[in-house]
Amino acid sequence: ADLIAHPTPARMARCLQLAKTGGCIAGPPTASLHRHVQQAQQLAKTEILSVLQCCPHERSSSRSNARNTILLTGVTGTLGSQLLRDFLVSADIGEDKRIVCLVRAADDQAALERTQSALLTVSREMRLRMTAIAGDVAAPLLGLSPSAWLALADTVCTVVHAAAVVDRVAPLSALVGANVHATAR
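Calculation rules
Residue positions are given per chain, counted from 1 along the sequence in the order it is written. Given that the model is predicted, a residue must reach a pLDDT of at least 70 before its local features are reported, and side-chain atom pairs must reach 80 or more before they are shown or counted; all residues, however, enter totals for whole chains, interfaces and linings. The basis for every side-chain value is the complete set of non-hydrogen atoms in the structure, without hydrogens or water. Here the term buried applies to any residue with accessible area under 20% of the maximum for its type, exposed to any over 50%, and partly exposed to those in between, with areas from a 1.4 Å probe on protein chains only. Secondary structure elements are defined from DSSP: runs of H or I of at least 4 residues count as helices, runs of E of at least 2 residues count as strands, and each element is numbered from the N terminus. When DSSP finds two or more bridges between two strands, those strands count as paired. Think of each axis as a best-fit line through the C-alpha atoms, taken over the contacting stretch in the case of a helix, with angles from 0 to 180 degrees between the N-to-C directions. Residues count as neighbours in contact if any of their non-hydrogen atoms are within 4.5 Å of one another. A 3.5 Å cut-off defines polar contacts: any pair of N or O atoms within that distance qualifies, except that in protein one atom must be a possible hydrogen donor and the other a possible acceptor, and neighbouring residues in sequence count only when both atoms are side-chain atoms. Buried residues of nine kinds, namely Ala, Val, Leu, Ile, Met, Phe, Trp, Tyr and Cys, make up a nonpolar core once their side-chain atoms join them within 4.5 Å.

Student: Explanation requested: the pairing of strand 1 (residues 69-73) in the structure shown.
Tutor: It is a general feature of regular strands that their side chains alternate between the two faces of the sheet. For strand 1, the buried fraction is high: five of the five residues fall into the buried class. Going residue by residue along strand 1, you find Thr69, Leu71 and Thr73 tucked away on one face and Ile70 and Leu72 tucked away on the opposite face as well. Pairing analysis gives five bridges linking strand 1 to strand 2 (residues 98-103), with the strands arranged parallel. Within strand 2, the residue paired with Ile70 across the bridge is Ile99. Here strand 1 pairs with strand 4 (residues 156-161) via five bridges, running parallel.

This is the structure in structure tokens:
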């Protein structure tokens, strides 16, 4: 039985009862998920093209050859905070690399505070290599203005997407924005 198709205990119990007689076949929602992935890819292409068309002067004037930024999402979660710590202390990353953390917050200051609270064990010197910006992986352009998105796009060399909405009882439709569309963006 499938928790996504039958998210409540009552619906799961009913499905399990019906499964005994072959009446409930609850497999993974692959067709639905595939459709969501295709929609997300098209949405991401449309968003990017619209930004490039509406702001060509900003792109040409701010273009930089220095792609030295790692964009990290999900930094306030368990996996993301560990990745950030590892990036900050790793000699393999290089001191010239900057780490920008995209954090769901009201503004950049709140994003920085949320990020720093996840980094209590990292030295102040290490923290200087990272910045935090307020955004939302589920929103168009990551919740950034077109000019901020373009500036970020011109410097990012690597994206590490560790953000996710995890909810074992939510329907697939509630998880698609942050987990499928965000990955496509």
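Student: Whenever I open this one, the sheet that holds strand 2 confuses me. Can you help?
Tutor: Strand pairing in a sheet relies on backbone hydrogen bonds. The paired strands run either parallel or antiparallel. An order of 3-2-1-4 is seen for the four strands of this open sheet, with the pairing classed as parallel. Only two strands of the sheet have a single neighbouring strand rather than two, namely strand 3 (130-134) and strand 4. Going from strand to strand, the sheet's axes swing by 25° on average, the running direction of each strand aside. Note: strand 2 against strand 3, five bridges, orientation parallel. When the bridges of strand 3 are listed, Cys101 appears paired with Ala132. Along the sheet face, helix 4 (residues 78-89) touches strand 1, strand 2, strand 3 and strand 4 and points at about 160° away from the line of strand 1. Across the sheet, helix 5 (residues 108-117) lies against strand 2 and strand 3, angled at about 130° from strand 3, the strand it touches most.

Student: What am I meant to see in the side chain of Thr73 here?
Tutor: One can find Thr73 in strand 1. Looking at Thr73, its side chain comes within polar contact range of the side chain of His161, at 2.8 Å. Setting aside residues no more than four positions away along its own chain, Thr73 makes contact with Leu102, Val137, Val160, His161, Ala162 and Ala163.

Student: Where do I start with unusual backbone geometry in this structure?
Tutor: For residues that are not glycine, phi is negative in most cases, and the peptide bond is trans in most cases. A positive phi is found at Leu141, a non-glycine position, where the angle reads about 55°. Classification of Leu141 as buried rests on a relative accessible area of 12%. Phi is positive for Leu142, close to 60°, though the residue is something other than glycine. Topologically, Leu142 is positioned in the loop between strand 3 and helix 7 (146-155). With relative accessibility at 11%, the residue Leu142 sits in the buried group.

Student: What is the right way to read the nonpolar core from this model?
Tutor: One broad rule of soluble globular proteins: the nonpolar side chains tend to lie buried together. Judged by nonpolar contacts, the single largest core of 15 residues is most densely connected at Leu84, Ile99, Cys101 and Met130. For this core, the secondary structure elements donating two or more residues are strand 1, helix 4, strand 2 and strand 3. In contact with Cys101, other than residues within four places in its own chain, are Leu72, Val75, Leu84, Thr115, Thr131, Ala132 and Ile133. In terms of nonpolar packing, the next biggest core, distinct from the first, is built from 14 residues, Leu71, Val100, Leu142 and Val156 among them.

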